[in-house]
Amino acid sequence: MTTSVTSGTGGPTENSLRRALRRARDGVSLDVTEAAVLLQARGEHLEDLSASAARVRDAGLEAAGRPGVITYSKSVFVPLTRLCRDRCHYCTFVTVPGKLRRAGHGMFMSPDEVLDIARKGAAAGCKEALITLGDKPEDRWPEAREWLDAHGYDDTIAYVRAVSIRILEETGLLPHLNPGVMSWTDFQRLKPVAPSMGMMLETTATRLWSEPGGPHHGSPDKEPAVRLRVLEDAGRSSVPFTSGVLIGIGETYEERAESLFALRKVSRAHHGIQELIIQNFRAKPDTAMRGMPDAELDELVATVAVARLVLGPSACLQAPPNLVDSEYGRLIAAGIDDWGGVSPLTIDHVNPERPWPQIEELAEKSRAAGFELRERLCVYPEFVRRGEPWLDPRLRPHVAALADPETGLARPDALPGGLPWQEPDEAFTATGRTDLHRTIDTEGRSADRRDDFDEVYGDWEALREAAAPGMVPERIDTDVRAALRTAADDPTRLTDAEALALLHADGAALDALCRVADDVRKSAVGDDVTYIVTRNINFTNVCYTGCRFCAFAQRRTDADAYTLSLDQVADRAQQAWDVGAVEVCMQGGIHPDLPGTAYFDIAKAVKARVPGMHVHAFSPMEVVNGASRTGLSIREWLTAAKEAGLDTIPGTAAEILDDEVRWILTKGKLPAATWIEVVTTAHELGIRSSSTMMYGHVDQPRHWLGHLRTLADIQRRTGGFTEFVTLPFVHTNAPVYLAGIARPGPTVRDNRAVTAMARLLLHPHIPNIQTSWVKLGAEGAAEMLRSGANDLGGTLMEETISRMAGSSYGSYKSVKDLIAVAEAAGRPAKPRTTLYGEVPEERRRAAEASDGHLPELLPVLD
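Residues numbered from 1 in each chain as written. Predicted model: local features only at pLDDT ≥ 70, side-chain atom pairs only at ≥ 80, totals over all residues. Heavy atoms only, no water.

Enquirer: In this structure, what is going on with unusual backbone geometry? I would like to understand it.
Expert: For residues besides glycine, phi is generally negative; the peptide bonds are generally trans as well. Of the consecutive residues Glu 388 and Pro 389, the connecting peptide bond is found in the cis state with omega at 0°. Position of Pro 389 relative to the elements: it lies in the loop between helix 15 (381–386) and helix 16 (396–400). A cis amide bond links His 763 to the next residue, Pro 764, at an omega of -5°. Locating Pro 764 in the fold gives a position in the loop between helix 31 (748–761) and strand 18 (769–770). We note that Ser 238 has phi near 55°; this positive angle belongs to a residue other than glycine. Among the secondary structure elements, Ser 238 is positioned in the loop between helix 10 (224–236) and strand 5 (241–247). (Helix = DSSP H or I, 4+ residues; strand = E, 2+ residues; numbered from the N terminus.)

If you want it as structure tokens, here you go:
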């Protein structure tokens, strides 16, 4: 291994090493080059480096309230399957189906085999079940696929989830899951059944994966970019996550340093990495890397020390004690504060030749170094104390049974015992400010931001850095006049370059663009301006997803938080029907206490009270939430929702379908690919949806273009979108704006250009383009009707999402108000249904009779 900061002998120069050591002693932040130099410290220099790292560690333990404490987790190791689709050249954990058969084993451990280990662990006082397995074995081995099919599991993750529930219910051990690479959706499926998860980053050196002969060559799940995405998704999903590096597999010192800095970046962005493992390579017989030298102890000690300096005092660092030949004191001196999982019962199946040390020996060695050995749970104390959103409500009783509420560590006297894994009780008890739909217009919100503003959304400084490149305007050289000619002749022939030029149009060019769009609108749908008599019902605003644009979401303890009962939801639907509504649009926060079946109950409650009401409900984010909590696939969940009374879904939660922008706007919301999966699956099941785009925040016209192209492509395939809704960003109380990252919403130019280009780019696939009077007001909406829009949306009756964000245009428009907006644009108005059909005469009469005279519960603005 070499570094670019070298002397004639191949190591760092003495001056560069002394300078880096001095900066470490002074507590100055290191850069990658300095970290690479320090990784090569040896002898007295290594002792100096370790002393600096130990001081940082000690300061962190003092701040955490556990000075002089080093932790471990008493665990059992459950190798759920040793099949894997990867081919890591140093691994002896993984095997092949033939060897398993010859040894008398199944392709997976059976539930009884797993529970036998877990029960013995519980009897021995263990509190963690470490479930380790190969990556997606069913993708490589037909035998794995056959086993899963025979036992009724869609995939390996489904079996991991089922086994975890059995462990919780029958033994009380807490599952810590290591299933390899997971998708965002996988995290949603597993979070309710495991308080912590993990996956080693190992290295960010792509060449070790991409080049033949490399240790990870031929292993799709070892691509560094893929593994970094897993770490990001864990943080976005608020999953306490363990990761780390594997040293000595062929990486250079610079690459090793880069891996540590990559881990620091993820940790700072999401505050979700609970511990980092610094693991030294040990060559094993019968592997392709059996001839590689083991990583030396000095390498490990230096890496631990540099990791401590790079990650800082709050990081939790672990080095596996069974891989260091009793040299525990040097690791403690270098800055570790944890020994990881240690089992009195099971072997380390990844390193079977290296037995665990006795816990008494660990305690003695720790004590000799001046530290007290204390037991923790698989989920670290900080996350136990943080609670929501890091611990799912279904797991709180299991964690509370074993944790000391003061320290978050394991209670020494606690013995695991099985507890039911079930949905929280009384999910639909009315609580909080249930009149917010009305008083938001009269009294406003209690404060402009949540009390946990500085923590819940991630690291604001890291977000500023991430947002900056995407907000740089592009230079556009395409001839706008030529683009306008193409648009007027045939908008379906617009190239991306021409479309981008038009999205930047201003002045006379913008006026011309809007005229072209209005002409296309007239030829496509005529002059009628449509609207719908509908009521919004936001059944809860309790949400811990952490969307940075959302001012609606509240913690359950916030002054403005509320949850409606099922009767209150049904009451509001009944009132809406009484005044002529044909639809209720129902969405809510991702409340941690609501079971995945709650959405079915809501739809059933409305249909039972008002059988004729169209239920337009549940965003794709809510669909994924419901599916993950019930263990159903998205298709199965939507099928059940349809049977419960769901008619169509809103295409909200789209924001911008570009993850570059989404991960600035949101912390834990679904990725673009998952949004697309939900709406296309819904369309395939005959559940139509709207489509939306929220713009004017950290985006640019190139993002709008990509979003609109994506929607047009979906519509060509499914035909399931009923309309496209423009959603200008309301900035006033939006966290991402209050933090100084987003701009203050779109300009009038932006609104006109987006509306006009939506008409042109979605033609002829999505004929209905809706503008939002809630966000733009009556005059703004009328202007959009002259720019290509043909629909005004609904009367709403109540609207808390935009109003909580700071919209000043109220929550209700009467039919007469909407007709007046259409007339201001010089057009006639016409009521419609959700699917743009004719409104029954009885519904028209009811709406006309009640127009402007709504029941007291509904908010009415003069």
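There is more to say, and it comes next.
Enquirer: Is there a simple way to think about helix 7 (residues 156–170) in this case?
Expert: Under the 1.5 Å per step criterion, the end-to-end length of helix 7 is 21 Å for 15 residues, consistent within 8% with the ideal 21 Å. Buried within helix 7 are the following residues: Thr 156, Ile 157, Ala 158, Tyr 159, Val 160, Arg 161, Val 163, Ser 164, Ile 165, Ile 167 and Leu 168. Gly 172, located one to two residues past helix 7, shows a positive phi value of around 85°. (Expected span 1.5 Å × (residues − 1). Buried < 20%, exposed > 50% of the residue type's maximum accessible area, 1.4 Å probe, protein only.)

Enquirer: When you look at the nonpolar core in this model, what are you seeing that I'm missing?
Expert: Considering soluble globular proteins, one finds that nonpolar side chains tend to be buried as a cluster. Residues Met 586 and Trp 675 are the most contacted members of the largest nonpolar core, which totals 126 residues. Not counting residues up to four positions away in its chain, the partners in contact with Met 586 are Ile 537, Phe 539, Val 569, Ile 602, Val 606, Val 615, His 616, Ala 617 and Phe 618. Within the second largest apolar cluster, 121 residues are counted, among which are Leu 17, Leu 100, Ala 118 and Tyr 328. (Core = buried A, V, L, I, M, F, W, Y, C linked by side-chain atoms within 4.5 Å. Contact = heavy atoms within 4.5 Å.)

Enquirer: Looking at this structure, I do not really get the packing of aromatic side chains. What am I missing?
Expert: How two aromatic rings sit relative to each other is set out by the distance from centre to centre and by the angle between their planes. Counted according to the given criterion, the structure contains 16 aromatic pairs. With centroids separated by 6.4 Å and ring planes inclined at 75°, the aromatic side chains of Phe 539 and Phe 618 adopt a geometry described as edge-to-face. Placement of the pair is Phe 539 in the loop between strand 12 (534–538) and strand 13 (562–563) and Phe 618 in the loop between strand 15 (614–617) and helix 25 (620–630), with a sequence separation of 79 residues. Phe 539 gets classed as buried once you look at its relative accessible area, which sits at 1%. Relative to Phe 618, the ring of Tyr 599 has its centre 5.1 Å away and its plane inclined at 70°; by these criteria the two rings are edge-to-face. Highlighted residues: Tyr 599 in helix 24 (residues 598–609) and Phe 618 in the loop between strand 15 and helix 25, separated in sequence by 19 residues. Tyr 599 gets classed as buried once you look at its relative accessible area, which sits at 1%. Of the residues examined, Phe 618 reaches a relative accessible area of 1% and is grouped as buried. Members of the aromatic cluster, each reached through a chain of ring pairs, are Phe 539, Tyr 599, Phe 600, Phe 618 and Trp 637. Here the guanidinium or amino end of Arg 236 rests over the ring plane of Trp 663, the centre of that ring lying 3.7 Å away. The ring centre of Trp 390 lies 5.1 Å from the NZ or CZ of Arg 386, which sits over that ring. (Phe/Tyr/Trp six-rings, centres within 6.5 Å; stacked < 30°, edge-to-face > 60°. Lys NZ or Arg CZ within 6 Å of the ring centre and 35° of its normal.)

Enquirer: Sorry, what's going on with the pairing of strand 12 here?
Expert: The buried fraction of strand 12 is high, at 5 of 5 residues. Side chains of strand 12 alternate between two faces, with Thr 534, Asn 536 and Asn 538 and Arg 535 and Ile 537 buried alike. Looking at chain direction, strand 12 and strand 14 (residues 583–587) are connected through 5 bridges and run parallel. Paired with Arg 535 across the two strands is Val 584, which belongs to strand 14. (Pairing = 2+ DSSP bridges.)

Enquirer: Please clarify how the pattern of salt bridges should be interpreted in this entry.
Expert: It is possible for side chains bearing opposite charge to pair when their charged atoms get close. Within the structure shown, the criterion is met by 54 salt bridges. A salt bridge links Arg 749 to Asp 750; its shortest N-O distance comes to 2.9 Å. The pair formed by Arg 749 and Asp 750 is uniform in burial state, with each residue classed as buried. Across the pair Glu 841 and Arg 845 runs a salt bridge whose closest N-O atoms are separated by 3.9 Å. Placement of the pair is Glu 841 and Arg 845 together in helix 35 (residues 841–850), with a separation of 4 residues, close to one helical turn. On the accessibility criterion, Arg 845 (48% relative accessible area) is partly exposed. Salt bridges here are not isolated pairs; linked through shared partners, they connect Arg 42, Glu 251, Arg 256 and Glu 299. (Salt bridge = Lys/Arg side-chain N within 4 Å of Asp/Glu carboxyl O.)

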